[in-house]
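Here's the letter readout for the chains.
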Amino acid sequence: MAFYNLLLIVLIVASRALILKADSKLSPEYYSSKCPKALSVVQAAVIAAINRETRIGASLLRLHFHDCFVNGCDASVLLDDTGSFIGEKTAIPNNNSARGFDVVDAIKARLEKVCPQVMSCADILALAARDSVVYLGGPSWEVGLGRRDSTTANRSAANTFIPPPTSSLGDLLLNFSAQGLSVKEMVALAGAHTIGLARCTSFRAHIYNESNIDSSFAQSLRRNCPVSGNDNKLSPLDRQTPTHFDNLYYKNLLDKKGLLHSDQELFNNNFTDFLVQTYAADNQVFFQDFAKAMIKMSQIKPLTGSKGEIRINCRKVNQN
Ligand code: HEM
Ligand SMILES: *[C@@H]1O[C@H](CO)[C@@H](O)[C@H](O)[C@H]1NC(C)=O
Ligand SMILES: *[C@@H]1O[C@H](CO)[C@@H](O)[C@H](O)[C@H]1NC(C)=O
Ligand SMILES: *[C@@H]1O[C@H](CO)[C@@H](O)[C@H](O)[C@H]1NC(C)=O
Ligand SMILES: *[C@@H]1O[C@H](CO)[C@@H](O)[C@H](O)[C@H]1NC(C)=O
Ligand SMILES: *[C@@H]1O[C@H](CO)[C@@H](O)[C@H](O)[C@H]1NC(C)=O
């Protein structure tokens, strides 16, 4: 009897281990022997790029998000249009907005010299997002690696899966749960808006037509964002420290000073209010939850094994 119990326990533990291994196809050690310098090449290039222009850290973080939400973290967002598909760069959330492609190209070119066709563009995006957050003062996390790159992209999928700034709380929930992300993970990930900028066109209706915004804050934004025209004029998502990764984004929401309609939806007399209050009150809890949620987001449907390819140029599918 004791023997069979033991056997059962051993079997359960063994099968759990197998399941865990099968689940986490990505490994932080993936490049340790294949290309030991790869991670430091990415990090050095990210730091150099942020030193040239602080905003680029935010842009790189956002690229990873826009990649992962559209058919998984497969670098589809980086592909230029071809004869056989229209890429995601001109999808509504990306057109005149997504940036950092040149930095990714530079990282890839450097990697191709050090270790040709070893690191995927999808892994570059995941690492660049982490390295950016760390360099701007945010939390760190281990990035699972071994993603491969897609051989196609889909503009209409980008329009469907990436939430617009006009989203209600209910819309946001739908879009995040479609990716397997929880309410808590969604509110933590939205804290990425502690860095970076948004265009006038992304928040115009919020500052002219909505009541759920501090009126003097709305007034101050109107100077740089007229009722019509100047669509591309920029304002910071975190009005206080847009180049520093911290929890002031949530404190702004408590004051009704969220820049986007979708930001303020997270604190608007509803069931996510307590999460915003928690993160506003405790930077450490925010950092922990943000890091955990980034790990989860960066594991959305990766291509592994023989799926996809390791692109030589992140903008183009390899010629065969
Ligand atoms: C909750 C749903 C979200 C919505 C509706 C949303 C929407 C937006 C919009 C409209 C902008 C400004 C784009 C522009 O005007 O050019 C923006 C910027 C940004 N978003 Fe989000 N976003 C969301 C979640 C996220 C997540 C999950 C991340 C990353 C984990 C993220 C990272 C960023 C960053 C860093 C910027 C600034 C980019 C820059 O300055 O180049 N966002 N977002
Ligand atoms: C993208 O933006 C450019 C420049 O504003 C514009 O001409 C073009 O029509 C836009 N593309 C799409 C698909 O909206
Ligand atoms: C592109 O995405 C749209 C929206 O998700 C989907 O309906 C369509 O089938 C996709 N196209 C291809 C070629 O996968
Ligand atoms: C709370 O959010 C739900 C969507 O999840 C929405 O249906 C409801 O109207 C919201 N309540 C308030 C008071 O805004
Ligand atoms: C995302 O939310 C929008 C509403 O803003 C909805 O139309 C769309 O179907 C949602 N997409 C997914 C994949 O849930
Ligand atoms: C505000 O709402 C009115 C009425 O719906 C609309 O005509 C106007 O274009 C909106 N203004 C902005 C800046 O969104």
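Residues numbered from 1 in each chain as written. Chains lettered and ligands numbered in written order. Predicted model: local features only at pLDDT ≥ 70, side-chain atom pairs only at ≥ 80, totals over all residues. Heavy atoms only, no water.

Caption draft 1: Geometry of the site of ligand 5. Taken together, Thr160, Phe161, Asp171, Leu174, Asn175 and Ala178 make up the full set of residues adjacent to ligand 5. A distance of 3.2 Å separates a nitrogen atom of ligand 5 from a polar atom in the backbone of Thr160. Between ligand 5 and the protein, one listed contact pairs an oxygen atom with a side-chain N or O atom of Asn175 at 2.4 Å. A total of 360 Å² of accessible area belongs to ligand 5 in isolation, and the protein chains cover 63% of it. Of all the secondary structure elements, the ones that give two or more residues to the shell around ligand 5 are helix 6 (155–161) and helix 7 (169–177). Tallied by class, the residues present in the shell around ligand 5 amount to three nonpolar, two polar and one charged. (Near = heavy atom within 4 Å. Polar contact = N/O pair within 3.5 Å; in protein donor to acceptor, adjacent residues only side chain to side chain. Areas by Shrake-Rupley, 256 points an atom, 1.4 Å probe, with all protein chains shown as cover. Helix = DSSP H or I, 4+ residues; strand = E, 2+ residues; numbered from the N terminus. Nonpolar A, V, L, I, M, F, W, Y, C, P; charged D, E, K, R; others polar.)

Caption draft 2: The arrangement of the packing of aromatic side chains in detail. One pass over the structure, following the stated rule, counts 14 aromatic pairs. Ring centres of Tyr30 and Tyr31 lie 5.0 Å apart, and the angle between their planes is 85°; on these two criteria the pair is classed as edge-to-face. A ring pair is formed by Phe245 and Phe286, whose centres lie 5.7 Å apart and whose planes are at 5°; its orientation type is stacked. Of the two residues, Phe245 sits in the loop between strand 2 (234–236) and helix 11 (248–254) while Phe286 sits in helix 14 (residues 283–297), which places them 41 residues apart along the sequence. Assessed through its relative accessible area of 0%, Phe286 is described here as buried. (Phe/Tyr/Trp six-rings, centres within 6.5 Å; stacked < 30°, edge-to-face > 60°. Buried < 20%, exposed > 50% of the residue type's maximum accessible area, 1.4 Å probe, protein only.)

Caption draft 3: Seen up close, the confidence of the model for the protein. Averaged over all residues, the pLDDT of the protein equals 94, while 92% of them reach at least 70. Contacts for the low-pLDDT stretch residues 1–23, under 50 throughout, to residues beyond four places or in other chains number zero contacts. (pLDDT = per-residue confidence, 0-100. Contact = heavy atoms within 4.5 Å.)

Caption draft 4: The UniProt feature "binding site: heme b" (unreviewed entry) in the protein, seen in detail. When the UniProt feature table is mapped onto this chain, "binding site: heme b" (unreviewed entry) is found at His193. In this structure, His193 sits in the loop between helix 8 (183–190) and strand 1 (197–199). On the accessibility criterion, His193 (24% relative accessible area) is partly exposed. Aside from chain neighbours lying at most four places away, what touches His193 is Leu237, Asp238, Tyr249, Leu260 and Asp263. (UniProt positions renumbered as here; feature names shortened; annotations may be inferred.)

Caption draft 5: Local environment of the state of the cysteines. Counting across every chain of the model gives four disulfides. Paired through a disulfide, Cys68 and Cys73 show a sulfur-sulfur distance of 2.1 Å. Around the S-S axis, the bridge from Cys68 to Cys73 shows a dihedral of about 115° and counts as right-handed. Each of the two residues, Cys68 as well as Cys73, counts as buried. Each sulfur in the disulfide pair Cys200 and Cys225 lies 2.0 Å from the other. On the S-S bond that ties Cys200 to Cys225, the torsion sits near 75°, and the link is right-handed. One end of the pair, Cys200, is in helix 9 (residues 200–209); the other, Cys225, is in the loop between helix 10 (215–222) and strand 2, with 25 residues separating them in the sequence. (Disulfide = S-S within 2.5 Å.)

Caption draft 6: Layout of the pattern of salt bridges. Using the criterion set out here, one finds 10 salt bridges in the structure. Across the salt bridge formed by Lys108 and Glu112, the nearest N and O atoms sit 3.0 Å from each other. Here Lys108 pairs with Glu112, and both are found in helix 4 (residues 101–114), just four residues apart, close to one helical turn. The partner of Arg147 in a salt bridge is Asp123, and the shortest N-O contact between them spans 2.6 Å. Taken as a pair, Arg147 in the loop between helix 5 (121–135) and helix 6 and Asp123 in helix 5 lie far apart in primary sequence, 24 residues in all. (Salt bridge = Lys/Arg side-chain N within 4 Å of Asp/Glu carboxyl O.)

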